[in-house]
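# Structure at a glance
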Amino acid sequence: MAYLAPEVLKRLVYKRDAVAVTEINLSNCALLPWAEQVKVTFDDAEQGDA
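Here the structure is a predicted model, which means the values were calculated and not measured.

## Some points on the nonpolar core
Burial of nonpolar side chains together is a common tendency in soluble globular proteins. With seven residues, the main nonpolar core is built from Leu4, Ala5, Val8, Leu12, Leu26, Cys29 and Phe42. If you list the elements that add at least two residues to this core, you get helix H1 (6-13) and helix H2 (23-29). Those residues in contact with Val8, other than ones at most four positions away along the chain, are Gln37, Val38, Thr41 and Phe42.

Okay, structure coming up:
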(Lines give C-alpha, C1' and ligand atoms only; values in the text may rest on other atoms or scores of the structure.)
Protein backbone atom coordinates (compact mmCIF):
# COMPACT_ATOMS: atom_id res chain seq x y z
CA MET A 1 0.00 0.00 0.00
CA ALA A 2 2.96 2.32 0.41
CA TYR A 3 3.22 2.68 -3.38
CA LEU A 4 -0.39 3.65 -3.97
CA ALA A 5 -1.35 7.22 -4.78
CA PRO A 6 -2.18 9.41 -1.78
CA GLU A 7 -5.74 9.92 -3.08
CA VAL A 8 -6.28 6.14 -3.31
CA LEU A 9 -5.04 5.65 0.25
CA LYS A 10 -7.18 8.50 1.56
CA ARG A 11 -10.31 7.10 -0.05
CA LEU A 12 -9.59 3.57 1.17
CA VAL A 13 -8.63 4.42 4.74
CA TYR A 14 -10.61 7.53 5.65
CA LYS A 15 -13.63 7.45 3.38
CA ARG A 16 -13.80 3.64 3.15
CA ASP A 17 -14.89 3.89 -0.49
CA ALA A 18 -15.79 0.71 -2.32
CA VAL A 19 -12.99 -0.69 -4.44
CA ALA A 20 -13.62 -2.00 -7.95
CA VAL A 21 -10.60 -4.33 -7.92
CA THR A 22 -9.31 -7.25 -5.86
CA GLU A 23 -6.39 -6.97 -3.45
CA ILE A 24 -4.06 -8.53 -6.03
CA ASN A 25 -5.18 -6.09 -8.72
CA LEU A 26 -4.86 -3.26 -6.22
CA SER A 27 -1.23 -4.18 -5.65
CA ASN A 28 -0.72 -4.22 -9.43
CA CYS A 29 -2.19 -0.71 -9.58
CA ALA A 30 0.85 0.50 -7.69
CA LEU A 31 2.77 0.22 -10.96
CA LEU A 32 0.47 2.74 -12.66
CA PRO A 33 0.82 6.54 -12.55
CA TRP A 34 -1.06 8.06 -9.60
CA ALA A 35 -3.81 9.62 -11.72
CA GLU A 36 -4.55 6.27 -13.33
CA GLN A 37 -4.59 4.45 -9.98
CA VAL A 38 -7.60 6.45 -8.80
CA LYS A 39 -9.48 5.79 -12.03
CA VAL A 40 -8.75 2.05 -12.10
CA THR A 41 -9.43 1.56 -8.40
CA PHE A 42 -12.71 3.43 -8.01
CA ASP A 43 -14.39 4.13 -11.38
CA ASP A 44 -16.10 0.75 -11.76
CA ALA A 45 -17.39 0.87 -8.18
CA GLU A 46 -18.78 4.39 -8.68
CA GLN A 47 -20.54 3.35 -11.88
CA GLY A 48 -22.19 0.49 -10.00
CA ASP A 49 -23.56 2.95 -7.42
CA ALA A 50 -25.37 5.03 -10.05
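## Here we look at the packing of aromatic side chains
The tally for this structure, following the rule as stated, stands at zero aromatic pairs. Lying across the ring of Phe42, Arg11 places its NZ or CZ 4.0 Å from the centre.

## Observations concerning the environment of Gln37
For Gln37, the position within the fold is in helix H3 (residues 34-49). In the structure, Gln37 is positioned 33 residues away from Leu4 in sequence and 7.4 Å away in space, judged by C-alpha atoms.

## Here we look at the pattern of salt bridges
Going through the model one piece at a time under the given rule, you end up with one salt bridge. One salt bridge connects Lys10 with Glu7, and the closest N-O pair in it is separated by 3.4 Å. With a gap of three residues between them, Lys10 and Glu7 both fall in helix H1, about one helical turn apart.

Conventions we followed
- Residues numbered from 1 in each chain as written.
- Predicted model: local features only at pLDDT ≥ 70, side-chain atom pairs only at ≥ 80, totals over all residues.
- Heavy atoms only, no water.
- Core = buried A, V, L, I, M, F, W, Y, C linked by side-chain atoms within 4.5 Å.
- Buried < 20%, exposed > 50% of the residue type's maximum accessible area, 1.4 Å probe, protein only.
- Helix = DSSP H or I, 4+ residues; strand = E, 2+ residues; numbered from the N terminus.
- Contact = heavy atoms within 4.5 Å.
- Phe/Tyr/Trp six-rings, centres within 6.5 Å; stacked < 30°, edge-to-face > 60°.
- Lys NZ or Arg CZ within 6 Å of the ring centre and 35° of its normal.
- Salt bridge = Lys/Arg side-chain N within 4 Å of Asp/Glu carboxyl O.

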